[in-house]
Amino acid sequence: MKIVTFGEVMLRLSPPGVERFAQTDTLGMHFGGTEANVAVSLAQFGLQAAHVTRFPDHALGRAASGYLRRYAVSTEHIRYGDGRLGLYFLETGAGSRASQIIYDRVDSAFARIRPDEIDWEPILTGASWFHWTGITPALSQGAADCLLAGIQTANRLDVPVSADIVYRSNLWQYGRTPREIMPALTEGCTLVLGSKNLFSELYGVVGSTFQESGRALMKHFPNVRYITDTKRRSVSASHNQLSAKLFDGQDVYKSRIYDINPITDRIGTGDAYVAGLIYGLLTFNDLQRAIEFGAAASALKHTIPGDVNLATVAEVDTLANGDSSGKLKR
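Right, let's walk through the structure included here. (Residues numbered from 1 in each chain as written. Predicted model: local features only at pLDDT ≥ 70, side-chain atom pairs only at ≥ 80, totals over all residues. Heavy atoms only, no water.)

1. Brief notes about the overall build of the protein chain
Stage number 1. The helix and strand tally for the protein chain stands at 11 helices and 16 strands.
Stage number 2. The C-alpha atoms of the protein chain give a radius of gyration of 19 Å, which matches the 20 Å a tight globule of 330 residues would have.
Stage number 3. Considered along the principal axes of its C-alpha atoms, the protein chain spans approximately 50 × 50 × 35 Å.
Stage number 4. In the protein chain, once contacts between residues fewer than 6 apart in sequence are set aside, the share between residues at least 24 apart is 68%. (Helix = DSSP H or I, 4+ residues; strand = E, 2+ residues; numbered from the N terminus. Rg over C-alpha atoms; globule rule 2.2 N^0.38 Å. Contact = heavy atoms within 4.5 Å.)

2. A word on the pattern of salt bridges
Stage number 1. Enumeration according to the criterion identifies 15 salt bridges in this entry.
Stage number 2. The closest approach of N and O atoms between arginine 12 and aspartate 307, which form a salt bridge, is 2.8 Å. Linking arginine 12 in strand β2 (residues 10-14) with aspartate 307 in the loop between α10 (287-301) and α11 (313-320), this pair joins segments that are 295 residues apart in sequence.
Stage number 3. We classify aspartate 307 as buried; its relative accessible area is 3%.
Stage number 4. Residue aspartate 57 pairs with arginine 62 through a salt bridge whose shortest N-O separation is 2.6 Å.
Stage number 5. A residue is classified by how much of its surface remains accessible, and aspartate 57, at 48% relative accessible area, is partly exposed.
Stage number 6. One continuous salt-bridge network, built from bridges that share partners, spans Arg54, Asp82, Asp107, Arg112, Arg114, Asp116 and Glu117. (Salt bridge = Lys/Arg side-chain N within 4 Å of Asp/Glu carboxyl O. Buried < 20%, exposed > 50% of the residue type's maximum accessible area, 1.4 Å probe, protein only.)

3. Considering the layout of surface pockets
Stage number 1. Each pocket or cavity is described by its volume, and for the largest pocket that value is around 1,300 Å³.
Stage number 2. Lining the largest pocket are 49 residues; nearest its centre among them are Arg168, Arg266, Gly268, Thr269 and Gly270.
Stage number 3. Ranked by residues supplied to the lining of the largest pocket, first place goes to strand β13 (residues 226-236) with five residues.
Stage number 4. Grouping the amino acids of the lining of the largest pocket by side-chain chemistry returns 19 nonpolar, 19 polar and 11 charged.
Stage number 5. Here the second largest pocket is characterised by a volume of approximately 540 Å³.
Stage number 6. Within the residue set of the lining of the second largest pocket, elements represented by two or more residues are β16 (258-260), α10 and α11. (1 Å grid on protein atoms, 1.4 Å probe; cavity = no way out; pocket = protein on both sides within 12 Å on 5 of 7 lines; lining within 4 Å. Points joined across faces, edges and corners; volume = space filled by probe spheres on them. Nonpolar A, V, L, I, M, F, W, Y, C, P; charged D, E, K, R; others polar.)

4. Brief notes about the packing of aromatic side chains
Stage number 1. Applying the stated criterion across every chain, the model contains 14 aromatic pairs.
Stage number 2. Geometrically, the ring pair formed by phenylalanine 6 and phenylalanine 110 is tilted, given 5.3 Å between the ring centres and 55° between the ring planes. One end of the pair, phenylalanine 6, is in strand β1 (residues 2-6); the other, phenylalanine 110, is in the loop between β9 (100-104) and α3 (120-124), with 104 residues separating them in the sequence. Of the two residues, phenylalanine 6 and phenylalanine 110, both sit in the buried class. (Phe/Tyr/Trp six-rings, centres within 6.5 Å; stacked < 30°, edge-to-face > 60°.)

5. Things to note about the nonpolar core
Stage number 1. Of all hydrophobic cores here, the largest spans 45 residues; its most connected members are Phe6, Trp120, Phe130, Trp132, Ile165 and Tyr203.
Stage number 2. Counting residues per element, this core draws most heavily on helix α5 (residues 141-156), which supplies six residues.
Stage number 3. Setting aside residues up to four positions removed in sequence, tyrosine 203 forms contacts with Ile165, Arg179, Met182, Pro183, Thr186, Leu198, Leu217, His220 and Phe221.
Stage number 4. Counting residues in hydrophobic clusters, the runner-up holds 37 residues, among them Leu191, Leu246, Leu277 and Tyr279. (Core = buried A, V, L, I, M, F, W, Y, C linked by side-chain atoms within 4.5 Å.)

6. Considering the packing of α5 against helix α6 (residues 178-186)
Helix packing geometry: the angle between the two helix axes and the distance between the axes.
Stage number 1. Viewed as axis vectors pointing N to C, α5 and α6 meet at an angle of 20°, and their least axial separation amounts to 9 Å. Considered as vectors, α5 and α6 are oriented roughly parallel to each other. In the crossing of α5 with α6, the sense of the turn from one axis to the other is left-handed. Within the contact between the two elements, α5 uses Gln141, Ala144, Leu147, Leu148 and Ile151 and α6 uses Ile181, Ala184 and Leu185.
Stage number 2. For the contact of α5 with α6, the per-class residue count stands at seven nonpolar, one polar and no charged. (Axes fitted to C-alpha atoms, helices over the stretch in contact; angles between N-to-C directions. Parallel < 35°, antiparallel > 145°, perpendicular 65-115°, else oblique. Left-handed = near helix turned anticlockwise from the far one by under 90°.)

7. Focus on α11
Stage number 1. Looking only at α11, the buried set comprises Val316, Leu319 and Ala320. What you see down the axis of α11 is that its buried residues fit within an arc of 100°, all on one side.
Stage number 2. Directly beyond the C-terminal end of α11, a positive phi value near 105° is found at glycine 322. (Arc of directions from axis to C-beta.)

8. Details of the side chain of histidine 51
Stage number 1. Checked against the element boundaries, histidine 51 lands in strand β4 (residues 48-52).
Stage number 2. For histidine 51, the side chain forms a polar contact with the main-chain oxygen of glycine 7, separated by 2.9 Å.
Stage number 3. When near neighbours in sequence (up to four residues on either side) are disregarded, histidine 51 contacts Thr5, Phe6, Gly7, Val9, Glu35, Ala36, Leu68, Val73, Ser74 and Ile78. (Polar contact = N/O pair within 3.5 Å; in protein donor to acceptor, adjacent residues only side chain to side chain.)

9. As for unusual backbone geometry
Stage number 1. Look at the link from asparagine 261 to proline 262: it is a cis peptide, with omega at 5°.
Stage number 2. Mapped onto the elements, proline 262 comes out in the loop between β16 and α9 (269-283).
Stage number 3. Positive phi values are uncommon outside glycine, yet aspartate 107 reaches one of about 60°.
Stage number 4. Mapped onto the elements, aspartate 107 comes out in the loop between β9 and α3.
Stage number 5. Overall, the relative accessible area of 40% leaves aspartate 107 in the partly exposed class.
Stage number 6. Of note in this structure, aspartate 158 is not a glycine but carries a positive phi near 60°.
Stage number 7. In this structure, aspartate 158 sits in the loop between α5 and β11 (161-164).

Below you can see the structure in the form of structure tokens.
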């Protein structure tokens, strides 16, 4: 199975451990982007994964491509050009001190992407899945137009499409609003990750419960077959409780609650969930098993430094089946 993802990859810079920006003189480097994180996770599960993006044509851009290749993600469809590599700075919290993120991504090489730079037909031919998030269309008109072309091509080729419709209000700076852009993109989706509040904010779809709002969204967008969301309880920055749910138009499937303590790195945990759920939907003929696999994948990511989930199928299955002992394996 071949999975294709599309979105920006940034360079993450972080003080060591739980140090604060004010006290460090070194910053560790990781590459990451929410869609690329999904591709890496699926590659670790043994699927073919390809990420489509645009990097600056210099050493950092090439290093970012090398990072994806290191984790078995195809980079053959990556484009290079003008612009810069987006950055974000992470200060990891602990206990009652929350983590902080500072973004520096304006005018990135990806934001300058043009629809004519990507030929979606050969990229998506033979694909089993196409994934995007609400961050991509927020960055520029070119990125939104390129994404729409990808979704329309996937629909024409009968490739399922998933969207994490995450909304970041400070990213929408090019003169268009989410309500002008997001509906046309969501029309072509098979799976949507979002909450009832997001459905109301982005589409004007209202429901008092997850199930009611999900049913209303499916009526609004008839191609949508599944709606999913996660629930997180933050006991502290180092201790969270996580669960997930999935609605198929008739029934709601819920995962068990994962108690995660201590947290090593929370970044990318939502992407790990999406990747696990996609894997489950493609592999298992059982929606309950799929949702449990996704939630377990997300829980495991909390234990892995960096943006990407490097867990294997066997490790996720072990946790999904109830073994959270962390017993030494020899």
